[in-house]
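Notes for the structure review
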Amino acid sequence: MESLAVALQPYKDTVGLSAAVITVLQFFSGVFVVNDIRRKGSSEGFSAGPFLGGAVFSLLNVQFGQMLQDDAMIKVNLIGLGLNVVYVCAFYWYTLGPAKNKVWGQIGLAGAIAAGLLAYVQYEDPKVVEFRFGMILTVILLILVGMPLLGLGEILKNKSTEGLPFPIILSGSFVSLAWLLYGVILRSNFLVAQNVIALALGLVQLSLFVIFPSKPSSSTKKATKSDKKTN
């Protein structure tokens, strides 16, 4: 890694700026997912998890930016927070019937987690809070990146990637790659390890789009419907 860090050192500012710009652009990837939901006329088959997780993660990063006194980090994540709140509202708008109650439950859970972690920051020892909070954010990031894989069983059953947020996964992979390179330049093992795992998870999910179509075949739909009638 040392030789690569030396080779990339002259491009440190460029790589850092690129990583920040790509991160901001990633926040807008949710627009494509919301548009898919709009065209379908329903949020059925989609998950509010990426939007709620993005809102919580952005909010916590605003807090982390305040701890680091990093104005750029605060501004970027305020944009992410605002956009993800809009995405959640759009998701709820296109959620039909009793499923709205499930969305409210997810919103409540996300809010409770965010409130709990923000309260933790206020009471933790100032000497260790920065490192520990950074570790918590890393875990949350990896959960968010790997969240679509929770539906792997359904994907294999339907032989379709319908419902997987392709724009978010693709842009997230580019973000992970950009921050991985920046971590190499900074010689930060913490940043490198975090983004190697995130990039690997992103590539696994992207490979599903190569293997399976975005829409289930007619035979698969018929089989699914017959299974529901049998049950």
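All chains use their own residue numbering, which begins from 1 and follows the written sequence. Since the coordinates come from a predicted model, pLDDT governs what is reported: local features require at least 70, and pairs of side-chain atoms require 80 or more to be given and counted, while whole-chain, interface and lining totals use all residues. The side-chain quantities take in all heavy atoms of the structure and omit both hydrogens and water.

The protein is annotated in an unreviewed UniProt entry as Sugar transporter SWEET of Aedes albopictus. Reading the Sequence similarities (unreviewed entry) entry of the UniProt record for the protein gives the comment "Belongs to the SWEET sugar transporter family." Here is the UniProt Function (unreviewed entry) comment for the protein, exactly as written: "Mediates sugar transport across membranes." UniProt positions are given in the numbering used here, feature names are shortened, and annotations may be inferred rather than shown by experiment.

So, about the overall build of the protein. Helical segments are the DSSP runs of H or I of at least four residues, strand segments are the runs of E of at least two, and each set is numbered from the N terminus. Along its length, the protein carries 11 helices and zero strands. Listing every helix and strand of the protein by position from the N terminus yields α-α-α-α-α-α-α-α-α-α-α. Using C-alpha atoms as the atom set, the radius of gyration is obtained and then compared with a globule rule of 2.2 Å times the number of residues to the power 0.38. By the compact-globule yardstick of 17 Å for 231 residues, the protein fits well, its C-alpha radius of gyration being 19 Å. Along the longest, intermediate and shortest principal axes, the C-alpha atoms of the protein span 60 × 40 × 25 Å. A total of 231 residues make up the protein; the buried ones form 40% of that total. Here the analysis covers contacts within the protein between residues at least 6 apart in sequence; of these, 77% occur between residues at least 24 apart. Only the protein chains shown count as cover for residues, with accessible areas throughout obtained via the Shrake-Rupley method and a probe of 1.4 Å. For the protein, the exposed surface amounts to about 13300 Å²; the carbon and sulfur share of it is 68%. In this tally Asp and Glu are treated as negative and Lys and Arg as positive; neither His nor the chain ends contributes. Lysine's charge is taken at NZ, arginine's at CZ, aspartate's at CG and glutamate's at CD. Of note, the protein has its 18 positive side-chain charges centred 15 Å away from the centre of its 12 negative side-chain charges. Per-residue accessibility, obtained with a 1.4 Å probe over protein chains only, is compared with the maximum for each type, and a residue is labelled buried under 20%, exposed over 50%, and partly exposed between these values. The contact rule is simple, with two residues in contact once any of their heavy atoms fall within 4.5 Å.

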